[in-house]
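Structural overview for review
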Amino acid sequence: MGRRAVNAGCVISHLARKRGARPLAAAALLAACAVLAACSTTTNGSGSGNATGATGSSTPDFPSTSASGGSSSSPSGPGSTSSANTHPVPSTPIKTVTVVGSHNTYVVKIWAEVTDPTCFDHAYGTPVITYLTQHPCGGLTRRLATTTVNGRGVGFAQSTLGFKGTAPKVYTTAGDFEQLVTKDGTGNIDDLFRDGYRLPSGPTRVPSPDAFKALGQDGGCTITDAWYLSGSTPNNDPALVTMAQDFFLQF
């Protein structure tokens, strides 16, 4: 889906041009060759945006207030993991919730839940990061959970955030963000897969295609990506979209 599309990175190659040197005297030339032979080195570039040990300084595109921030400085693509550490899956769910929705009743097992005070540093995609930088949120809660829909195991990643501000302006802020994150190619909130969390079964990243739904109310917005734990998931499968609607404001 485009909303989780990778933003193309920019790789800049610096080409050093060798300039012609004036003729040297024979003795000076031999001395220079000896020095070069003794001090020859090779420099390799990786193209990474987070190079270490380089001289000079660089300024991030966006400020960071969290030491364990997401992918604001170098956002990763859909389904990739921004954290090098994988958190172990608990032996039992950290929380089990029964949700009685408008369409079905669900038993939801929550395997990971993380709350952060900021949002921009847990997002990817330039439009989404820019929006969250200019309109700071007041908190973000992300979950990885499983349930059953029509007899099939389902996994889902849910992100809920609330914006700072007063009514009615904050309602507009949340509504505009809901529309932005729904558009193709704008980015999204980092799901917990990206931070190294896992479910006890199924994929280790949000698959594509999947079912996606963003819902807002007042100054908040909830984003859900859902998929079947086995077999393929039709794009925006109606049963999973209905599930996301039933889960809105239930956790």
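Above: the structure in question.
Residues numbered from 1 in each chain as written. Predicted model: local features only at pLDDT ≥ 70, side-chain atom pairs only at ≥ 80, totals over all residues. Heavy atoms only, no water.

Turning next to the state of the cysteines. Scanning the entire structure with this criterion turns up 1 disulfide. Here C119 engages in a disulfide with C137; their sulfurs sit 2.0 Å apart. Taking the torsion about the S-S bond as the criterion, the C119 to C137 disulfide, at about 95°, is right-handed. Pair noted here: C119 is in the loop between strand 2 (105–116) and strand 3 (123–124) and C137 is in strand 4 (residues 137–149), with a separation of 18 residues, a long-range link. Using a relative accessible area of 2% as the deciding quantity, one classes C119 as buried. Under the relative-accessibility criterion, C137 is labelled buried at 4%. (Disulfide = S-S within 2.5 Å. Helix = DSSP H or I, 4+ residues; strand = E, 2+ residues; numbered from the N terminus. Buried < 20%, exposed > 50% of the residue type's maximum accessible area, 1.4 Å probe, protein only.)

This brings us to the pattern of salt bridges. Within the structure shown, the criterion is met by 6 salt bridges. Notably, a salt bridge pairs E113 with K95, separated by 3.3 Å at the nearest N-O pair. Within this pair, whereas E113 is found in strand 2, its partner K95 is found in strand 1 (residues 95–100), the two being separated by 18 residues in sequence. Accessibility expressed as a relative area gives 30% for E113, which makes it partly exposed. (Salt bridge = Lys/Arg side-chain N within 4 Å of Asp/Glu carboxyl O.)

This brings us to the sheet that holds strand 7 (residues 211–217). The strand order across the open sheet built from 6 strands is 1-2-4-5-8-7, with neighbouring strands paired in antiparallel fashion. Where the open sheet ends on each side, the last strands, each with one partner, are strand 1 and strand 7. Here the average twist between neighbouring strands, direction ignored, is 25°. Of the strand pairs in this sheet, strand 5 (residues 152–163) and strand 8 (residues 220–228) are connected by 9 bridges, and their pairing is antiparallel. Its bridge partner lying in strand 8, V154 is registered against Y228. (Pairing = 2+ DSSP bridges. Axes fitted to C-alpha atoms, helices over the stretch in contact; angles between N-to-C directions.)

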